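# An overview of the molecular structure
Here's the letter readout for the chains.
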Amino acid sequence: MTNDRENTLLASVPTRLFIGGEWVDAPEGATFDVRDPATNEVIARVADASADDATRALDAAVAAQDAWAATAPRTRGEILRRAWELVQERKEDIALLMTLEMGKPLAEARGEVGYGGEFLRWFSEEAVRITGRYGLNPEGTGRMVVSQRPVGPSFFITPWNFPFAMATRKIAPALAAGCTVVIKPPQLTPLTTLFFTQLLADAGVPAGVVNVVTSASSRRVSEPIISDPRLRKLSFTGSTEVGRKLIAQAAEGVLRVSMELGGNAPFVVFEDADLDKAVEGALAAKFRNIGQACTAANRFIVHSSVAEAFAAKITERVKEMRIGRGTEDGVAIGPLIDGDAVAKADELVTDATDRGATLLTGGDKLGGPGTFYAPTVLTGVQPGSAILREEIFGPVLAIATFDTEDDAVRLANDTEYGLVSYVYTQDLARGHRMIDRLETGMMGLNAGVVSNAAAPFGGVKQSGVGREGGFEGIHEYLSTKYTLIPND
C-alpha cells in the first residue's frame, strides 16, 4: 500500500493530456489505470487519448514549429538548462515516481534521474554549436554554403523501462535543434513523463513545443500522427517487431526515423580476464533495472577454463540480492513490469534446463500480489536454447562456454541484433580486435555500463538505426541544406 509521502506525490502528477500548452481531458473523460507492479495497486488514472486528440497535438506542434525554429539557439539552450535545474530540485520526486510506476529500486531510479538529466544539460550546450560550412567550390566558380535547419515536427514513442531517461534522450536534442514534438509515453509508466512535462513548461518551453498524448492504445494515437504529411520525424524505442511496423508506416511519408530496438547483448569473459572485475561488470550489465533493459547482458559467453569459477562467484553474489518493493531499503531486485514478463522469464529458464542447463540459483516465480521473479543463474546453457536467441528482459543470467577467440566472436555475433557487447580481457591487443570484430553499435571493454549522454547510443543490424546522445544525437533532428553562390 502507498504511504502519505507517496500519495502526496501521486496527487501532484498531472494526469490529463498536454496539448498546446494546456492540460486537457480526453473525450468523455476516458482514462486507463496505472498500477504499481510491486503491489498491483492502482496508483493513478490517466487520460486515454483518442485519434482526434493525437491530431490536435500534432496541430499544436505544427503551429509552434516556425516560431520555435526561429528562437535563438542560446534561448533554446537556456530553457533546457533551466529544465535540468528543475530536475535537480525535484530529483527525489522523479525517482520515487519511477519506482512506484515501474518497480525499479529507488537507488537505481535516482541513477536514472542523474543519467536522464544529463541529456538536458548536454543538449543545452549543443544548441549553440549547430554549425555549417562555407568555402570555394573545387572548380573555383562559386561559393558553397552548407547550413543546418530543424527537421520539423517530431513524434516520439517511448518505452516503459526507463520512463525518465527515454523521454529526455529524445526531447532534449529535438528542442535544442529547434523541433517541436508530440510524445506518446508508455501505457504502463506514463506518470514520469507527465510530471517532467510540467517541469518543461515551468522552465519556459513555449506552448505547443512539447505535447503529450497518453493512451491505452498506441496504435490509436500513432497511426493518425505518422500518416499525417506534416510530420517530419519519428523516433521509437522498443521491440524490433514493433519497430519494423513503424518503419513501414513511416516509409509512406518518407519520414526521418530513429529506431532504438531490441538487443541480445553478449558478455564475453576471456581466460585472462580479471574475474572479480568481470563479476562486478556482470552484475551491473545483467541485473540493473531488474534485467529489463535493451542493453542488459543477455548471453554470458565465458571461456571454459574460467567458467566454473565465474559461475561460482556470480552465484554467491546473486544469492545475496534482496527482493522486494523498490522503495524498501536494501532492495536490489524489484518486480518485473507485469505477469507476462514473469511468464516469459520462467519459460526461458524452463526451456534452458530442459535442454541440459544447470540451475545454480533462482528460477522461481514468487508469490504475492506483485510480479516478482527470483534472480537466476544458469550454467552450461546448450546451443539451440531459446534463452540464447531471445531477449530475456528479466533477472536471468545464462552462461555458455567457448574455447577459442574465434569461437567467442562467432557466438557473440550469432544473432540478428547488434546493440551492445561487453568484453573482459587484460590483453590490450585482443580488446582492440574485439572492437573491430564484434558486430554491435556499442561496446564495454572491461566495463558493464556504457550509457552516457555525451556518447552516441544505438545499434546495428536489427537493433535499430540512428543515434541518440553525443554530438551525433542532435543531427538526427537537423536537415542539411546546400546553397551555391556563383562568383558572377
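Along its length, the protein chain carries 15 helices and 24 strands. Taking 23 Å as the expected radius of gyration for a compact globule of 488 residues, we find that the protein chain reaches 23 Å, a close match to that expectation. Here the C-alpha coordinates of the protein chain stretch approximately 70 × 65 × 40 Å along the principal axes. Counting only residues that meet the buried cut, the protein chain has 57% of its 488 residues in that class. In the protein chain, 73% of the contacts between residues at least 6 apart in sequence involve partners at least 24 apart. Taken as a whole, the protein chain presents about 19,300 Å² of accessible surface, with 50% of it coming from carbon and sulfur.

Before going further, it helps to examine the nonpolar core. Phe310 and Ile387 are the most contacted members of the largest nonpolar core, which totals 120 residues. With nine residues, helix H6 (residues 165–177) is the single largest residue contributor to this core. Formed by 25 residues, the second largest nonpolar core is a distinct cluster that contains Ala26, Val221, Ile225 and Leu231.

Turning our attention to the sheet that holds strand E5 (residues 133–136). Spatially, E5-E6-E24 is the arrangement adopted by the three strands of the open sheet, whose pairing is antiparallel. Looking at which strands have only one partner, the edges of the open sheet turn out to be E5 and strand E24 (478–486). If you compare each strand with its neighbour and ignore which way they point, the axes differ by 20° on average. Pairing geometry for strand E6 (residues 142–150) and E24, over nine bridges, is antiparallel. Following the sheet pairing, Gly142 is matched in E24 by Pro486.

Time to look at the sheet that holds strand E12 (residues 265–269). Taken in spatial order, the seven strands make up an open sheet running E14-E17-E18-E13-E12-E20-E21, and their pairing is mixed. Edge strands, defined here as strands with exactly one partner in the open sheet, are strand E14 (358–361) and strand E21 (442–445). Strand-to-strand twist of the sheet, defined as the mean angle between neighbouring strand axes without regard to direction, takes the value 20°. As judged from the four bridges shared by strand E20 (residues 420–424) and E21, these two strands associate in the parallel manner. What sits directly across from Val420, in E21, is Met442. Sitting on the sheet, helix H12 (residues 339–354) is in contact with E14, strand E17 (376–379) and strand E18 (396–402), with an inclination near 25° to E17. Against the sheet, helix H13 (residues 405–413) touches E12, strand E13 (297–303) and E18, its axis set at about 165° to E13.

This part is about the packing of aromatic side chains. Evaluation of the coordinates by the stated rule reveals eleven aromatic pairs. Seen from their ring centres, Trp122 and Phe471 are 5.4 Å apart, and the 55° between their planes marks the pair as tilted. In this pair, Trp122 is assigned in helix H5 (residues 106–126) and Phe471 in helix H15 (residues 470–475), connecting sequence segments 349 residues apart. Relative accessible area serves as the criterion here: at 17%, Trp122 is assigned to the buried category.

Among the seven residues in strand E4 (residues 41–47), five count as buried, and that is most of the element. In terms of strand pairing, strand E3 (residues 31–36) meets E4 through six bridges, oriented antiparallel. Paired with Val34 across the two strands is Ala44, which belongs to E4. The antiparallel hairpin formed by E3 and E4 contains four residues in its connecting segment, where Asn40 sits at a positive phi of about 70°.

Per the stated rule, a full pass over the model turns up 31 salt bridges. One salt bridge connects Arg129 with Glu126, and the closest N-O pair in it is separated by 3.4 Å. For Glu126, a relative accessible area of 6% puts it in the buried group. Glu271 serves as the salt-bridge partner of Arg430, at 3.5 Å between the closest nitrogen and oxygen. Taken together, the residues Arg430 in helix H14 (residues 428–437) and Glu271 in the loop between E12 and helix H10 (275–287) connect sequence positions 159 residues apart.

Attention shifts here to the packing of H6 against helix H7 (residues 191–203). One way to put it is that H6 packs onto H7 with a least axis distance of 10 Å and a crossing angle of 35°. The hand of the H6/H7 crossing is right-handed. Touching Ala167, Thr168 and Ile171 of H6 are Thr193, Phe196 and Leu200, all from H7. Classifying every residue of the contact of H6 with H7 gives four nonpolar, two polar and no charged.

Now for the packing of helix H3 (residues 73–89) against H7. The geometry of H3 relative to H7 is characterised by a closest axis approach of 8 Å and an angle of 130° between their N-to-C directions. Here H3 is positioned oblique relative to H7, judged by the angle of their axes. Where H3 crosses over H7, the two elements pack in a sense that is right-handed. On H7, the residues touching Ile79, Arg82, Ala83, Leu86 and Val87 of H3 are Phe196, Leu199, Leu200, Asp202 and Ala203. The class makeup of the residues in the contact of H3 with H7 is eight nonpolar, no polar and two charged.

Turning our attention to the environment of Gly77. Locating Gly77 in the fold gives a position in helix H3. In this structure, the C-alpha to C-alpha distance between Gly77 and Val128, residues 51 residues apart in sequence, is 7.0 Å. Not counting the four nearest positions on each side in its chain, Gly77 is found in contact with Ser124 and Ala127.

This paragraph deals with helix H11 (residues 307–319). Look at H11: 18 Å from first C-alpha to last across 13 residues, which is about the 18 Å you get at 1.5 Å a residue. Looking at H11, one finds that the buried residues are Ala307, Phe310, Ala311, Ile314, Thr315 and Val318. Seen from one end, H11 has its buried residues packed into an arc of 125°, which puts them on one side. Residues of H11 that are exposed and point over 90 degrees away from its buried face: Glu308 and Glu316. Against the buried residues of H11 lie E12, H10, E13, E14, E17 and E18.

Criteria and thresholds
Residues numbered from 1 in each chain as written. Predicted model: local features only at pLDDT ≥ 70, side-chain atom pairs only at ≥ 80, totals over all residues. Heavy atoms only, no water. Helix = DSSP H or I, 4+ residues; strand = E, 2+ residues; numbered from the N terminus. Rg over C-alpha atoms; globule rule 2.2 N^0.38 Å. Buried < 20%, exposed > 50% of the residue type's maximum accessible area, 1.4 Å probe, protein only. Contact = heavy atoms within 4.5 Å. Areas by Shrake-Rupley, 256 points an atom, 1.4 Å probe, with all protein chains shown as cover. Core = buried A, V, L, I, M, F, W, Y, C linked by side-chain atoms within 4.5 Å. Pairing = 2+ DSSP bridges. Axes fitted to C-alpha atoms, helices over the stretch in contact; angles between N-to-C directions. Phe/Tyr/Trp six-rings, centres within 6.5 Å; stacked < 30°, edge-to-face > 60°. Salt bridge = Lys/Arg side-chain N within 4 Å of Asp/Glu carboxyl O. Left-handed = near helix turned anticlockwise from the far one by under 90°. Nonpolar A, V, L, I, M, F, W, Y, C, P; charged D, E, K, R; others polar. Parallel < 35°, antiparallel > 145°, perpendicular 65-115°, else oblique. Expected span 1.5 Å × (residues − 1). Arc of directions from axis to C-beta.

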